[in-house]
Amino acid sequence: MTDRPLVHAVNVTKSFHHNEVLKGIDLDVEAGQVVCLLGPSGSGKTTFLRCINQLETIDGGRIWVDGDLMGYAERGDKLYRLKDKEIAAQRREIGMVFQRFNLFPHMTAIDNVIEAPVQVKGESKKVARERAQALLDRVGLGDRTAAYPAQLSGGQQQRVAIARALAMQPKLMLFDEPTSALDPELVGEVLAVMRELADDGTTMIVVTHEMSFAREVADTVVFMDAGVVVEAGPPADVIGNPQHQRTKSFLSRLRSEHS
Amino acid sequence: MTSPADTVVRKGLSPRKRAQRSRLIQYAILIALVLFALFSANWGQIGSVFFKPEFIKATFQDGVLQALVKTVEYTAGAFVIGLAGGTLLALMRLSSVGPYRWIATAYIEFFRGLPAIVVFIAFSLLPLAFEGMTIPFDPYGVVWLALGIVASAYMAEVIRAGIQAVPKGQIEAARSLGMSPGLALRKIVLPQAFRIVLAPLTNDLILLVKDSSLVFIIGVAATGYELTGFGRDLANTYSNLTPIVVCGFCYLIITLPLGILVRRLEARAEKSR
Ligand SMILES: Nc1ncnc2c1ncn2[C@@H]1O[C@H](COP(=O)(O)OP(=O)(O)O)[C@@H](O)[C@H]1O
Ligand SMILES: [Mg+2]
């Protein structure tokens, strides 16, 4: 399994009530790489991310993360759905950052960060707290540890959410449009944190419409439309010199919206 | 520039004049009623039946404060049982397992549809029906159980609404961090759900204080009397209503602050929306 990529998705399909949202997605992500997922709204980007960490069950295909088949055990040529507890254990290895932050509103910033390490991994509060402090320092919020989410700006909340996901020391980080719900002036601070993570070698799959981030940070850009991967490759190719008409028109639409 | 609608209104009184006149009429009626009450009622008799100072004193000497404490104890214990039972029932109602849902729904509908007094009569007859049966912590056990059984049915619906009001993204965030469904429920969903329904739950607590007045029907011993049982007993003894009035004021000492608390909580919930 050592030569396998960290994320290995093969022919993933998913339908919602006869509406086929993913029509056979293949994706490989090497450890330490950053993959940006682009595509028009409704193309299935969120659904695919949620399939990776089993917030959605897939109808067909397979997803391996670090050699683990997500959501299933394979015996012979049959697949068996894992128990809730086993799936929960798989999810520990994968951090997720949501469009709308989803911080726990009844906990302070630092309690948001230590909750899972303490409750799920059984870490001592003291150890978890020390690491949480370091993580909040790293995202520039070392002085806001006692603040409740409602007292933080959107950009600050999203940075706490990133620290919360990192606290589980995941092998893979998923970002679902992490800056789309933010006021424009707050986008930069979140992207800066993500850039730093990428520089430190974090494996990341990022759904985003931030073209400069994709161009500068991504190792691979994947363009999805209507449930299929239309085009994938280095940003210089997919963004700089797209081959497919659908990619071209999506990019030009995005450019005209931003100017 | 006057529109046709304006001219129609102008023919009669203006809206402000009309409101003024209606207010005047209401005050006139009020003053007439107060005058009538002042001159027609026999205040001497009312005072000696409802507010006789020596009976007020006697009520305190006979232990109205112990009865007040009993009311609080009965209510508090029943509230804890109602909270636990209500949470369990709410979770059963939201379960994906059909039979759990059916059992919870049947329980809730049954005990919400029944007058509480019927449940209390049933409890009073239990020792007759099951000879030698005892419920521990006499007299608390039987009272807590009777009150709690009814309260849990009411509270279950409130708590269920609270659970459903927690945004889905919260559960997904918890799951994405590797929390099991049970852990996510305990640490993330329920704390938020209870916060959401703090005001309606406090309302249920007020109702419970008042329902505790029914426990004398179960037939507790005189040492177990709460406010109503105590007041009724004393009023019978003295053939005077003053003890009942004193007990009534004692209820207000408990329920009025709770009512204010509910209003504060509602205002806070409104603001945080
Ligand atoms: N839980 C769901 N139930 C039904 N349809 C869904 C659900 N989630 C997503 N969809 C549908 O799947 C399609 C893809 O959605 P999504 O993955 O959110 O796209 P994207 O993130 O690229 O905008 C959309 O048509 C959406 O309406
Ligand atoms: Mg999306």
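Residues numbered from 1 in each chain as written. Chains lettered and ligands numbered in written order. Predicted model: local features only at pLDDT ≥ 70, side-chain atom pairs only at ≥ 80, totals over all residues. Heavy atoms only, no water.

Looking at an unreviewed UniProt entry, one finds chain A named ABC-type polar-amino-acid transporter and attributed to Kribbella antibiotica. Heading Sequence similarities (unreviewed entry) of the UniProt record for chain A holds this comment: "Belongs to the ABC transporter superfamily." As its UniProt record puts it under Catalytic activity (unreviewed entry), chain A is described as follows: "a polar amino acid(out) + ATP + H2O = a polar amino acid(in) + ADP + phosphate + H(+)". (UniProt positions renumbered as here; feature names shortened; annotations may be inferred.)

Enquirer: Just to check I follow, could you spell out the overall build of chain B for this structure?
Expert: When its secondary structure is counted, chain B shows 13 helices and zero strands. Against the compact-globule benchmark of 19 Å for 273 residues, chain B has a radius of gyration of 26 Å, which places it well outside the compact range. For chain B, the spread of C-alpha atoms along the principal axes amounts to about 70 × 70 × 30 Å. Counting only residues that meet the buried cut, chain B has 38% of its 273 residues in that class. Taken as a whole, chain B presents about 16200 Å² of accessible surface, with 67% of it coming from carbon and sulfur. Positive and negative side-chain charges of chain B, numbering 26 and 15 respectively, have mean locations separated by a distance of 16 Å. (Helix = DSSP H or I, 4+ residues; strand = E, 2+ residues; numbered from the N terminus. Rg over C-alpha atoms; globule rule 2.2 N^0.38 Å. Buried < 20%, exposed > 50% of the residue type's maximum accessible area, 1.4 Å probe, protein only. Areas by Shrake-Rupley, 256 points an atom, 1.4 Å probe, with all protein chains shown as cover. Lys, Arg positive; Asp, Glu negative; His and termini not counted. Charge placed at Lys NZ, Arg CZ, Asp CG, Glu CD.)

Enquirer: Help me understand the packing of helix α5 (residues 154-166) of chain A against helix α6 (residues 184-199) of chain A in this model?
Expert: Each pair of packed helices can be described by the angle between their axes along with the distance between the axes. All names here are of chain A. Two elements in contact, α5 and α6, have axes separated by 8 Å at closest approach and are oriented at 20°. With respect to α6, the axis of α5 lies roughly parallel. Like other packed secondary-structure pairs, α5 and α6 cross with a definite hand, here right-handed. Side by side, α5 and α6 meet where Gly154, Gly155, Gln156, Gln158, Arg159, Ile162 and Leu166 of the first sit next to Leu186, Glu189, Val190, Val193, Met194 and Leu197 of the second. The class makeup of the residues in the contact of α5 with α6 is seven nonpolar, four polar and two charged. (Axes fitted to C-alpha atoms, helices over the stretch in contact; angles between N-to-C directions. Parallel < 35°, antiparallel > 145°, perpendicular 65-115°, else oblique. Left-handed = near helix turned anticlockwise from the far one by under 90°. Contact = heavy atoms within 4.5 Å. Nonpolar A, V, L, I, M, F, W, Y, C, P; charged D, E, K, R; others polar.)

Enquirer: In this structure, what is going on with the interface of chain B and chain A? I would like to understand it.
Expert: A common way to report how large an interface is uses the accessible area buried once the components associate. Each side of the interface is counted separately: chain B has 18 residues, and chain A has 24 residues. When the two sides are added together, the surface that chain B and chain A hide from each other amounts to roughly 1700 Å², 65% of it contributed by carbon and sulfur. For chain B, the biggest contributors to the area lost against chain A are B:Glu172, B:Ser176 and B:Leu177; these three give 33% of the whole. In this assembly, chain B and chain A are joined by one salt bridge. Residue A:Arg50 pairs with B:Glu172 through a salt bridge whose shortest N-O separation is 2.9 Å. Our count for the contact surface shared by chain B and chain A stands at four residue pairs in polar contact (both at pLDDT 80 or more). (Buried area = accessible area lost by both parts, 1.4 Å probe. Salt bridge = Lys/Arg side-chain N within 4 Å of Asp/Glu carboxyl O. Polar contact = N/O pair within 3.5 Å; in protein donor to acceptor, adjacent residues only side chain to side chain.)

Enquirer: In this structure, what is going on with the site of ligand 1? I would like to understand it.
Expert: Residue and element names in this part refer to chain A. Around ligand 1, the neighbouring residues are Phe16, Val21, Pro40, Ser41, Gly42, Ser43, Gly44, Lys45, Thr46 and Thr47. With respect to ligand 1, the backbone of Gly42 contributes an N or O atom lying 2.7 Å from an oxygen atom. Note that an oxygen atom of ligand 1 is positioned 3.2 Å from one of the backbone N or O atoms of Ser43. Summarising the interface, the protein chains cover 60% of the accessible area of ligand 1, which totals 560 Å² for the free molecule. Per-element accounting of the shell around ligand 1 gives the leading share, three residues, to helix α1 (residues 45-52). By residue class, the composition of the shell around ligand 1 is three nonpolar, six polar and one charged. (Near = heavy atom within 4 Å.)

Enquirer: Explain the environment of A:Asp66 to me, please; I cannot follow it from the model alone.
Expert: Residues and elements named next belong to chain A. Considering the arrangement of structural elements, one finds Asp66 in the loop between β4 (60-65) and β5 (68-69). When its relative accessible area of 39% is taken as the criterion, Asp66 is described as partly exposed. Side-chain polar atoms of Asp66 contact the side chain of Lys171, separated by 2.7 Å.

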